[in-house]
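This is what each chain is made of:
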Amino acid sequence: MTSRINAHTTCPGCREEVYLDELVKGRCPLCGSDIGDFDEQENELDEFFDRSDLPWLVFHYFLFKRFLEMGASPLQVMQLANEYGDRVIHEIGQKPDTRFMLEVPRTRIDQIKPKRCAGCGKFYISGGKKVVTGDLSTPGFRFLFFCPEC
């Protein structure tokens, strides 16, 4: 059993007794009103959650999960999510550019079947790279192949 800090105070908003270890950023957990002399140290994580909201967190989670399942690099996915967030913030009033292109690993079938290069149009069998491309505002996406020369 854990021991509770016995320091408590009365909330000025709801007039309930609140223990100091229950405060959330110096605010009452019941009504959210500010409790006077209690200053909690904010770290970088708290600042992150202050700037973001739940819909953006959910969007980033599902975007990350979807592209990670396709085999995209986590760094590429995070850069895409950050670029999309910056585009939306800077282009308020305009339709943001939501197109994406991420490199993904080739499957065994992709390594042996003939492919047409999306850059130059010629057929090739081995080498090259596979990318997934699409638009975040539409549900579909497609895979493109590029030959080693492109």
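Everything below is about the structure printed above this text.
Owing to the predicted nature of the structure, the values given are computational and were not obtained by experimental measurement.

## Quick look at a nonpolar patch on the surface
Residues L54, V58, Y61 and F62 make up a contiguous nonpolar surface patch of about 430 Å² in total accessible area. Relative to the helices and strands, F62 resides in helix α2 (residues 54-70).

## With respect to α2
With 17 residues, α2 ought to run about 24 Å at 1.5 Å a step, and its terminal C-alpha atoms sit 25 Å apart, in line with that. When we look at burial in α2, the residues that qualify are L63, F67 and M70. Down the axis of α2, the buried side of the element spans an arc of 45°, and every buried residue falls inside it. The outward face of α2, more than 90 degrees from its buried face, is lined by the exposed residues L54, F62 and E69.

## Here's the deal with the pairing of strand β6 (residues 129-135)
Along β6, six of the seven residues are buried, which leaves the element largely enclosed by surrounding structure. Note: strand β3 (residues 99-104) against β6, six bridges, orientation antiparallel. Looking at the pairing, R99 lines up with D135 of β6. Of the pairings in the sheet, the one linking β6 to strand β7 (residues 141-146) comprises six bridges and is antiparallel in character. When the bridges of β7 are listed, K130 appears paired with F145. Linking two consecutive strands that pair antiparallel, namely β6 and β7, is a turn of five residues.

## Points about the sheet that holds β7
The strand order across the open sheet built from three strands is β3-β6-β7, with neighbouring strands paired in antiparallel fashion. On the outer flanks of this sheet lie β3 and β7, each paired with one strand and no other. In this sheet, neighbouring strand axes are inclined to one another by 25° on average, regardless of whether the strands run parallel or antiparallel. Lying over the sheet, α2 contacts β3, β6 and β7, oriented at roughly 40° with respect to β3.

Rules used throughout
Just so you know, the residues in each chain are numbered from 1, in the order the chain's sequence is written. Note on the predicted model: pLDDT of at least 70 is required for a residue's local features to be given, and 80 or more for side-chain atom pairs to be given and counted; whole-chain, interface and lining totals, by contrast, use all residues. The basis for every side-chain value is the complete set of heavy atoms in the structure, and neither hydrogens nor water enter the calculation. Exposure above 30% relative accessible area and no salt bridge define the residues that can form patches, which grow by joining like charges within 9 Å and nonpolar side chains of Val, Leu, Ile, Met, Phe, Trp and Tyr within 5 Å. Note that accessible areas follow from Shrake-Rupley with a 1.4 Å probe, and for residues the cover is restricted to the protein chains shown. The salt bridge definition used is simple: a Lys or Arg side-chain nitrogen within 4 Å of an Asp or Glu carboxyl oxygen. Runs of H or I in DSSP of at least four residues are treated as helices and runs of E of at least two as strands, each being numbered from the N terminus. The length a helix should cover is 1.5 Å for every residue beyond the first. Type-normalised accessible area, obtained with a 1.4 Å probe on protein chains alone, sets the label of each residue: buried when under 20%, exposed when over 50%, and partly exposed for intermediate values. Here, the arc refers to the directions that run from the helix axis to the C-beta atoms. Being paired, for any two strands, means DSSP has found at least two bridges between them. To get an axis, fit a line to the C-alpha atoms, keeping to the stretch in contact for a helix; angles then go from 0 to 180 degrees between the N-to-C directions. Throughout, a residue-residue contact means that at least one pair of heavy atoms, one from each residue, lies within 4.5 Å.

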